[in-house]
Amino acid sequence: MQSLILQLAGLGYGGDYNPEQWSPEVWREDVALMREAGVNLVTVGVFSWAFLEPAPGRYEFGWLDEVMDLLADHGIFVDLATGTASPPPWFSHAHPESLPVDADGRRLWYGSRQAFCPSSPVYRQAAAALVEQLATRYADHPALALWHVHNEYGCHNPRCYCDVSAAAFRTWLRRRYGSLDDLNRAWGTAFWSQRYTAWEQILPPRATPTFPNPTQLLDFQRFCSDELLECYRLERDILRRITPDVPVTTNLMAASTWELDYWAWGRELDVVSNDHYLWAADPHNHIGLSLAADLTRSLAGGRPWLLMEHSTSAVNWQPRNVAKKPGQARRNSLTHIARGADGALFFQWRASAAGAEKFHSGMVPHAGTDSKIWREVVRLGSDLRSLAEVAGSTVEADVAILLDYSSIWAQEQDSHPSRDMTAVEEIRAWHRTLWRAGITADFAHPGGDLSRYRLVLAPALYLLSAEHAAALASYVHEGGSLVVGPFSGIADENDHIWLGGYPGALRDLLGVRVEEFFPLLEGETIPLSNGATGRIWSELGRATDAEVLATFASGPVAGSPALTRKQHGSGTAWYVATRFDDDDLGKLLSQVTEAAGVRPTVEAPAGVEAVRRRHPDGRTYLFLINHTDDDVTISVEGKDLLTGRTIASPLRLPAGDVAVLQQ
Amino acid sequence: MQSLILQLAGLGYGGDYNPEQWSPEVWREDVALMREAGVNLVTVGVFSWAFLEPAPGRYEFGWLDEVMDLLADHGIFVDLATGTASPPPWFSHAHPESLPVDADGRRLWYGSRQAFCPSSPVYRQAAAALVEQLATRYADHPALALWHVHNEYGCHNPRCYCDVSAAAFRTWLRRRYGSLDDLNRAWGTAFWSQRYTAWEQILPPRATPTFPNPTQLLDFQRFCSDELLECYRLERDILRRITPDVPVTTNLMAASTWELDYWAWGRELDVVSNDHYLWAADPHNHIGLSLAADLTRSLAGGRPWLLMEHSTSAVNWQPRNVAKKPGQARRNSLTHIARGADGALFFQWRASAAGAEKFHSGMVPHAGTDSKIWREVVRLGSDLRSLAEVAGSTVEADVAILLDYSSIWAQEQDSHPSRDMTAVEEIRAWHRTLWRAGITADFAHPGGDLSRYRLVLAPALYLLSAEHAAALASYVHEGGSLVVGPFSGIADENDHIWLGGYPGALRDLLGVRVEEFFPLLEGETIPLSNGATGRIWSELGRATDAEVLATFASGPVAGSPALTRKQHGSGTAWYVATRFDDDDLGKLLSQVTEAAGVRPTVEAPAGVEAVRRRHPDGRTYLFLINHTDDDVTISVEGKDLLTGRTIASPLRLPAGDVAVLQQ
Amino acid sequence: MQSLILQLAGLGYGGDYNPEQWSPEVWREDVALMREAGVNLVTVGVFSWAFLEPAPGRYEFGWLDEVMDLLADHGIFVDLATGTASPPPWFSHAHPESLPVDADGRRLWYGSRQAFCPSSPVYRQAAAALVEQLATRYADHPALALWHVHNEYGCHNPRCYCDVSAAAFRTWLRRRYGSLDDLNRAWGTAFWSQRYTAWEQILPPRATPTFPNPTQLLDFQRFCSDELLECYRLERDILRRITPDVPVTTNLMAASTWELDYWAWGRELDVVSNDHYLWAADPHNHIGLSLAADLTRSLAGGRPWLLMEHSTSAVNWQPRNVAKKPGQARRNSLTHIARGADGALFFQWRASAAGAEKFHSGMVPHAGTDSKIWREVVRLGSDLRSLAEVAGSTVEADVAILLDYSSIWAQEQDSHPSRDMTAVEEIRAWHRTLWRAGITADFAHPGGDLSRYRLVLAPALYLLSAEHAAALASYVHEGGSLVVGPFSGIADENDHIWLGGYPGALRDLLGVRVEEFFPLLEGETIPLSNGATGRIWSELGRATDAEVLATFASGPVAGSPALTRKQHGSGTAWYVATRFDDDDLGKLLSQVTEAAGVRPTVEAPAGVEAVRRRHPDGRTYLFLINHTDDDVTISVEGKDLLTGRTIASPLRLPAGDVAVLQQ
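Summary of the structure given here. (Residues numbered from 1 in each chain as written. Chains lettered and ligands numbered in written order. Predicted model: local features only at pLDDT ≥ 70, side-chain atom pairs only at ≥ 80, totals over all residues. Heavy atoms only, no water.)

1. Points about the interface of chain C and chain A
For step 1, the next point in the chain: Across the contact, 55 residues belong to chain C and 53 residues belong to chain A.
For step 2, the next point in the chain: Both faces combined, the contact of chain C with chain A buries some 4,700 Å², and carbon together with sulfur accounts for 59% of it.
For step 3, the next point in the chain: On the chain C side of the contact with chain A, Arg320, Phe359 and His366 of chain C bury the most area, a combined 16% of that side's loss.
For step 4, the next point in the chain: Its salt-bridge partner being Glu516 of chain A, residue Lys372 of chain C comes within 3.1 Å of it at the nearest N-O pair. (Contact = heavy atoms within 4.5 Å. Buried area = accessible area lost by both parts, 1.4 Å probe. Salt bridge = Lys/Arg side-chain N within 4 Å of Asp/Glu carboxyl O.)

2. Things to note about the interface of chain B and chain A
For step 1, the next point in the chain: Counting residues at the interface gives 53 residues for chain B and 55 residues for chain A.
For step 2, the next point in the chain: Both faces combined, the contact of chain B with chain A buries some 4,700 Å², and carbon together with sulfur accounts for 59% of it.
For step 3, the next point in the chain: Inspection of the chain B/chain A interface yields six salt bridges.
For step 4, the next point in the chain: When the shortest N-O distance is used, the salt bridge between Arg542 of chain B and Asp370 of chain A registers 3.5 Å.

3. Considerations on the sheet that holds strand β28 (residues 658-662) of chain C
All names here are of chain C.
For step 1, the next point in the chain: Here six strands make up an open sheet; going across it, the order is β10-β22-β23-β28-β25-β26 and the pairing antiparallel. Taken across any chain shown, the strands that pair with only one partner, and hence form the sheet edges, are β10 (394-395) and β26 (646-647).
For step 2, the next point in the chain: Pairing geometry for strand β23 (residues 620-626) and β28, over five bridges, is antiparallel. Note on β28: the bridge partner recorded for Phe623 is Val660. (Pairing = 2+ DSSP bridges. Helix = DSSP H or I, 4+ residues; strand = E, 2+ residues; numbered from the N terminus.)

4. As for helix α8 (residues 214-242) of chain A
For step 1, the next point in the chain: Given a rise of 1.5 Å per residue, 29 residues ought to cover 42 Å, and the 43 Å separating the end C-alpha atoms of α8 of chain A matches this to within 8%.
For step 2, the next point in the chain: At the N-terminal end of α8 of chain A, a side-chain oxygen is found 2.8 Å from the backbone nitrogen of Thr215 of chain A, two or three residues along, and the residue is Asn213 of chain A. (Expected span 1.5 Å × (residues − 1). Polar contact = N/O pair within 3.5 Å; in protein donor to acceptor, adjacent residues only side chain to side chain.)

5. Examining the side chain of Thr257 of chain B
Residues and elements named next belong to chain B.
For step 1, the next point in the chain: Position of Thr257 relative to the elements: it lies in the loop between β6 (251-252) and α9 (262-266).
For step 2, the next point in the chain: For Thr257, a relative accessible area of 12% puts it in the buried group.
For step 3, the next point in the chain: At 3.2 Å, the side chain of Thr257 forms a polar contact with the backbone nitrogen of Glu259. (Buried < 20%, exposed > 50% of the residue type's maximum accessible area, 1.4 Å probe, protein only.)

6. What to know about the sheet that holds strand β26 (residues 646-647) of chain B
All names here are of chain B.
For step 1, the next point in the chain: Read across the sheet, six strands follow the order β10-β22-β23-β28-β25-β26 without closing on themselves; strand pairing throughout is antiparallel. Both edges of this open sheet fall to β10 (394-395) and β26, since each of them pairs with a single strand only.
For step 2, the next point in the chain: Sheet topology note: the strand β22 (residues 608-614)/strand β23 (residues 620-626) ladder contains seven bridges and is antiparallel. Residue Glu609 lies in a different strand from β23, and its bridge partner there is Ile625.
For step 3, the next point in the chain: The sheet strands contacting helix α11 (residues 328-338) are β10, β22, β23 and β28 (658-662), and the helix crosses β23 at an angle near 150°. (Axes fitted to C-alpha atoms, helices over the stretch in contact; angles between N-to-C directions.)

Listed below in structure tokens is the structure:
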């Protein structure tokens, strides 16, 4: 058993701790309650800049010293935040040019949080100075276990269009393209008289009379992700220099934001951590949670990761902030653990009495400890202690879903055949369908190592470079199974169409040539010859060299292939030329997984989630999570770490309950 | 009989008169028609600044002299407007810094009306100079009966975010808080690193990356109301100095806008006057009218007030400006009179031929006097003369509905448990339910004198200071009945949560402790044990010391109290933990009013409105307004002032008709 | 047979050709394919400014010389564009003050297209210089057949609110009004204290606190149309000076945009040309296409015109860009020809591989020539060659629909009786109803020559000057039939109400006096005495001197006239006081056309479009277009130019097919 955070000797448990909102008397109560709940890790200082540096260059660490010592004294480790996400009013007031500006030229002011331009030199200098001070002061503090750089990069300020950002964008473009000629070619500026003749002419895609240049837009999103990552690296490098042995993280928002290229981010983090909140109005939000966990694990390269934030109950920022039902927070936490997290932390320890997030639930609610929430917090702490040996184990998957942020950004641009042809929702649908079939999936980048997967799915991969197309072909040629959804492989990395028939990048691999898209009107559907129903999309084309499993059965594309399969030795390339509802998608993926020899983790009733973690030494842990309102039985055996009981099959799992079988 | 406007010797009747839109020949026709219609009071000069002062410091009063004289000659009194609501183009062009700026930094230009920043010194100076001139010139004019300061303060420019406003906001804050430490505490700036270290750092809540500071937002709304009130006081003080015997008013928009703290405004007006327009698409708009009248009366401290504007038929600013049915304008006018108005004026005398409001109906319509509208105008004039003796009498109510503007502003902010948990609509629903039960209600501020009410309702009172909470407790302890709706008493005057269990400010008074809110999803409902159906909201809690009259009957809060009652001697404190549709709310309030001994004005069929006015000498006037399409009979007696007939019970009241019984 | 474009000796066929997006090798393939398809006219250089003038004053014509020569060598004529619609980045970067600014003060940047202020002197100078160069260089080029000024004026930048535009607006107003007094009168500035006392006070209708001045808004729209027309004239005059024999056009967007007063534009064009795209989600889009063609023909004064752009299949800018069904593009093209076009061109020749319009279909699609699209392009070229003799013939119509852009702008402003009382949609409905009845209609301006029409329809003509009202009266008095829809003739050219009863400008002509509008609520309807159902609108009024054919049958306007007719000698003036759905409108127009002696072109089954073109020498061409999914038979004879077969009645016309009978 080895924890992600070495000092913890097990799973991490705790939350964001913001002592500056409370009096020192409350701090003493806090640490006592933390011990009662089994908390071993808290994040401190996320929004403390104004308290740590109340005036330029004047640092006040006294209060934080006291908090750190108090936590150390009570055996609680600290994930110490650099506090750079929210510059203090004195800073923004002195440097209004550091405030972000939107595409309409509207300056966004301080008074909430994250009010800074990521490219601002003065912001970066001030942040670096604070980090240097913090790292120096707490380098040897016994409570320090992890560095928490910034907070949720890109939350609220993913893109800035100010003149400073414009200059940084030009620098980034010079690095990417070298010459203006190459940039003009990549951006297709022959269209609409957009050719640039000097670097200084180039701007972010600000408000413009009509559709902006698509590649300019795409490159700007790439730049924005890189620019925030540069902010992270700046802080991380300081921390590494001063405390080379303390791991560094920043909390991502995987599956909540799609604005940053998290594949690049994952590589830069010592510990990948993630924040996840349920979308209350979504009846499938527990599946969305699993997707977030699977994606975070994939961003971490399969290594254990840390759930940095989730909520004990309601949040405050949705239209209707539904509270969690009894047991729901526990299932949520344990699902993250099941899918590879080595710890589960909440935002935040004590619910605020004031401010914009005062109605966000905490571990200690407004009502205090005589409450459902507190009792569940204590119980979860106990559960996690029982699961200590799970720490360090990993999750294995036979299926990968391809996900490329650049492709998502390009696919979800305007001026495309159909606004319904979104990427993220389709990726969610395919993941959801696998979830229902009991199959654990990783996410993968098309340029990543796919060889360990029996099956690779590309639900929506509009952008595909020649290099990545070749990688997919190799994967199939070496025996893999690939399923490609419609409107994939259409354009190259610069968003130029692969000519000669769609999908240009995959035409030969799939044995299909499409000549014209026939998107459907809102709500329109089209019958398929195999009884399924196409939605959103149809196409006019033919199978040049593939087996046609279904055709469109009516209208102007009648007879065109809707589902094809081409064998390449033992490898298989499937193509589906339309979109399905969950039922039809389930049938398709059932056919595909069966053909690829992919099996569910265990046979379990509908609504019961089953995931397995494994240690290199062979010990495995089967997590069984009953999301239904009924008690179920499952044919499994092993020792349930949560109850300590040994199960002789079948296991009876009550409604809403969880079992973790050591096998 | 004593009129609100002493010279009128009865009820006021007339409208806005804008002679500058017409030629002097039309003026002569106007006064003749006014006499025909029984008009005795017109508002002159509301938008005359550009005509009165065509260039800086150059005043042209000749035309107005002529109009004033003409009116005086025909026995028509004037409510003389100061004309400061719409600065002329020459002013705004010379002083662009006086134009308002919105939260996005967008300057709003002249070309419509109300294009000024309320804090602008140059605007205030120019307005004051004009008022000084007007008051001096017409101080002794025989037509002058009332001063009409400005027009609909806050209409279109309730909030300005410019630098001038920012400075004024800081001045206001310094006065409120004294020290930055106190401000930081009140605003909860420990959250999100928002601590201010110098006054000049503080800004209005301009566009910011995410949720602004809630207390900053709340204080800004308080400031904006105060700042406009300051504009009013500036003009009023000049008028009082020059014409100490002429009463001063400004026309409020009670129940149309909720942006200004009209409790504070009411105290500053010699005569409270109000503008009210029906919302055409609302089938209950006649009840909304009654609410507006009840609220205006309450703002006037129960004294008679003046209906400054309503419409003879359609307005121009709604999506579909439905005309009034025959008789509807008469019922509207007489309802205002019934609920305490001592006069009914229209916007405007003669419908404009040009400009943005040309499709707003007038007393003289585009079609001229051969029209339904004109005939109704003449009839209403006659009716009001018949009711002359009603002037000066007042309305009595046994029930008060609590209404606190600060609480509304705080409750309707973002980032709360549910966006459906609005305040204004709920207050309307409770008032509507009383209306249907035939019960007349006042509105009251939680800090006001409640002792004269048998029953006090708090449908939505999110914000409650310790002082006001104590006042409510005193009211109950002294025998009053109080009904509290959900999400009331949650936060203090700075929008800090009352900790320890909701509703913190009222927990002991109600004998209820709630630990967690469970808002419902859109459209979701929850059954109650008493057969009612909860909407929008449910909660997890328990009765600590109250009788549970109904519980939530399903879901995660099953068993938690939904309706409770706690006795305090002869006083009673009810709590309702969810929201109802009109039917269930009717049953609840029927139970409550019966227990409190509150009775309807008279027993009348559904849809017949009954309100009583009373002179100190005991004479009373029972207004009966038949809103139905059927003739009805009502067991009442008295002399009908409108027909002159003496009624021996029962009264037969035709569909759509009105009777006013002197009793 | 004489073609619109003299050199063509027949109908024009081709598209926008943008060689700068492709390599010279592709150019050679292009001209070969053009010949294969029968292309004889291509538009070159629409977005070539950045390539023609890569730096200020440095011109590079070499590539265009090569393209022009290549086209000439292959017998393809060129519609040479001036390229001024999209200034290059170097220009906008050097002259940011030339960028457009919206009503909110937001500057719109370059990076898409049309990013210029139409009033910008520096833009106009740069555009003029380029035109001078182009005209000089290609004046004698054998390929040059037509000048294509700019592109789709007003697309994306119809209105600019910057300070430069403000000054130009003032200049325009001085010309229109001469004196400030006249402007103040026309704008009705007595209302809301808006009187101007110096020209420099006047601004465009920028963002303002509430409803702007309606006449200011209306005049600003007139100004904006004139200002763009001035841009056109500037270029045209240069071209005429240098190449007096080459006709000049600019491509309008008739029936797509309503922002420009195209009546004024039509008079300035040597050849009227138009762009038209189907609205995919509209099931009646083929009727909308006919409307666009009828309107373009009318703007051209009945002369042949040119379809400058349409699409072979899908476009890229709608929410769902549905592809065209097989045969649909052909029907579309031939419908334009049927309705007076002497050529049909597409945007664009070769579908782009990059840029914002890459998913816009072309004549050569992404898939290449092995495609449905290419085969249809070749077939259409052949069809058009078969129809060569049609060139120069014209379309005759007995019915005119009145359309006045100023009236549309005024009618669709805010602050009117009902937002549902739109003009354009109603004009479309009346045209659609005639289409279904097989009746070809022109559009006409109320000030135009109406004497040649048996029937004139005024579905929505809110604004009507005394002069135009008199013209309509003359038309009726001379025996014409006029049908007037509700809310017509309400205001004069300055948007001042015609007083004394609606519709003031037409009261005597119609014999109707309306005293009050009673718009209906959303979705509300009102029964009429003749069994029809009124929508959106009802009125209180009476027939002063007209036959009442139907009354409103319920509610407050029961008994008021809904449909009237007044005879003036042999002339007739109908009035309809409400709006109908298509069925009731069909019955009304059937009654009206029958009374006026208007007959369909031929008797044809529903869904079959029939239009006749005629040469002065008496040869006629009956176009029959079967829009249905069924084969039909029609009693007609003549020689079908498309098949070469002579038809002895009846003609059997297959589903989706077209016949053109020489008769």
